[in-house]
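# Structure assessment
If you want the building blocks of each chain, they are given just below.
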Amino acid sequence: MTPEARFAAVEQLAKAGLLEWTVVDPGSTLFLSHEDAAQGVPGFLYDNPEGDIRQGLMLGQRHAFHPSYAIYEPGFVRAGAALAACYPGVPRPVYRFMFSDGFTFGYPPREYALESYLALLDELDSGAAWMVAGLQVDIRPLIGAAVARGGHVRVGLEDAPFGSAMSNMEWTETAVREIEAAGGALASTDEVRAMVR
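About the cut-offs
- Residues numbered from 1 in each chain as written.
- Predicted model: local features only at pLDDT ≥ 70, side-chain atom pairs only at ≥ 80, totals over all residues.
- Heavy atoms only, no water.
- Helix = DSSP H or I, 4+ residues; strand = E, 2+ residues; numbered from the N terminus.
- Buried < 20%, exposed > 50% of the residue type's maximum accessible area, 1.4 Å probe, protein only.
- Lys, Arg positive; Asp, Glu negative; His and termini not counted.
- Salt bridge = Lys/Arg side-chain N within 4 Å of Asp/Glu carboxyl O.
- Polar contact = N/O pair within 3.5 Å; in protein donor to acceptor, adjacent residues only side chain to side chain.
- Contact = heavy atoms within 4.5 Å.
- Pairing = 2+ DSSP bridges.
- Axes fitted to C-alpha atoms, helices over the stretch in contact; angles between N-to-C directions.
- Core = buried A, V, L, I, M, F, W, Y, C linked by side-chain atoms within 4.5 Å.
- Expected span 1.5 Å × (residues − 1).
- Arc of directions from axis to C-beta.

## What about the side chain of Arg-96?
- Inspection of the secondary structure puts Arg-96 in strand E5 (residues 94-99).
- One buried charged residue, Arg-96, forms no salt bridge at all, with the nearest opposite charge on Asp-25 at 4.5 Å.
- A polar side-chain atom of Arg-96 sits 2.9 Å from a polar atom in the side chain of Ser-68.
- The residues contacting Arg-96, other than those within four sequence positions of it, are Asp-25, Ser-68, Tyr-69, Ala-70, Ile-71, Met-131, Ala-133 and Arg-154.

## Section: the sheet that holds strand E7 (residues 152-153)
- Read from one edge of the open sheet, five strands run E1-E4-E5-E6-E7, paired in parallel fashion. Two strands lie at the open edges of the sheet, namely strand E1 (21-23) and E7, each paired on one side alone.
- Where strand E4 (residues 66-71) and E5 come together, four bridges link them in parallel fashion. Paired with Ala-70 across the bridge in E5 is Arg-96.
- Packing against the sheet, helix H5 (residues 74-84) makes contact with E4 and E5, and its axis sits at approximately 160 degrees to E4.

## Digging into the nonpolar core
- Among the nonpolar cores identified, the biggest contains 52 residues, and Tyr-72, Tyr-95, Phe-97, Phe-99, Leu-114 and Trp-130 are the most heavily contacted of them.
- Residue contributions to this core peak at six residues, all from helix H6 (residues 111-125).
- Setting aside its immediate chain neighbours within four residues, Tyr-95 contacts Tyr-69, Ile-71, Val-77, Gly-80, Ala-81, Leu-121, Asp-125, Ala-128, Ala-129, Trp-130 and Met-131.

## Regarding H6
- Between its terminal C-alpha atoms H6 stretches 20 Å, which fits the 21 Å expected from 15 residues at 1.5 Å a residue.
- Tucked inside the fold, the buried residues of H6 contact E4, H5, E5, strand E6 (130-134) and helix H7 (143-148).
- Just downstream of H6 lies Gly-127, where phi reads positive at about 90 degrees.

## Structural notes on the pattern of salt bridges
- Applying the stated criterion across every chain, the model contains 13 salt bridges.
- Residues Arg-149 and Glu-111 are paired through a salt bridge, measuring 3.3 Å at the closest nitrogen-oxygen approach. With a gap of 38 residues between them, Arg-149 in the loop between H7 and E7 and Glu-111 in helix H6 connect regions that are remote in the sequence.
- Judged by its relative accessible area of 43%, Glu-111 falls in the partly exposed class.
- One salt bridge in this structure joins Arg-154 and Asp-159, with 3.0 Å as the shortest N-O distance. For the pair shown, Arg-154 and Asp-159 are each scored as buried.

## Structural notes on helix H2 (residues 8-15)
- Taken together, the buried positions of H2 are occupied by Val-10, Glu-11 and Ala-14. For H2, the buried positions fall inside an angular range of 100 degrees around the axis, keeping them on one side.
- Where H2 is buried, its residues meet E1 and helix H4 (50-63).
- A positive backbone phi angle near 75 degrees is found at Gly-17, which sits one or two residues after H2.

Laid out in structure tokens, this is it:
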């Protein structure tokens, strides 16, 4: 698929004024579960060629939507910041740090890992909006640390361990309680928009 074809729906939505941000993941990574690795089952490559990344950033520049970066590895922060700088006027990217217990990419949900990401982000795009999230993970152990450091939290069935007994609503309600217990609060849509400017 060409970059233009990959982002065709995004471009149509942007032209209609219906997008404020969209996924532009600044790198490729191997999705391999620990279980599959042990059993010799191959993982798969989540492929984001540079041309695709640049297409997403160019559209963001043209239509004023924020690139939403899923950060699977530290190099994604570096590539994302470097490539965004090539598109003057593109709205500032939002960095979503992707943690995992079940997959082998990146980091597990540990405070040292969050500190590593934040040190790199501070060096390359200081003040950018960020959140903790993931795949095949219980992100709740990082909620307090994220709130204390001025970050945000994404939870739900996409992030949760596969086969979770909790519903999407239960994950969300649990996260709300933990955010509030850590001294944070839920943001309104207007507050979110103000944060990413």
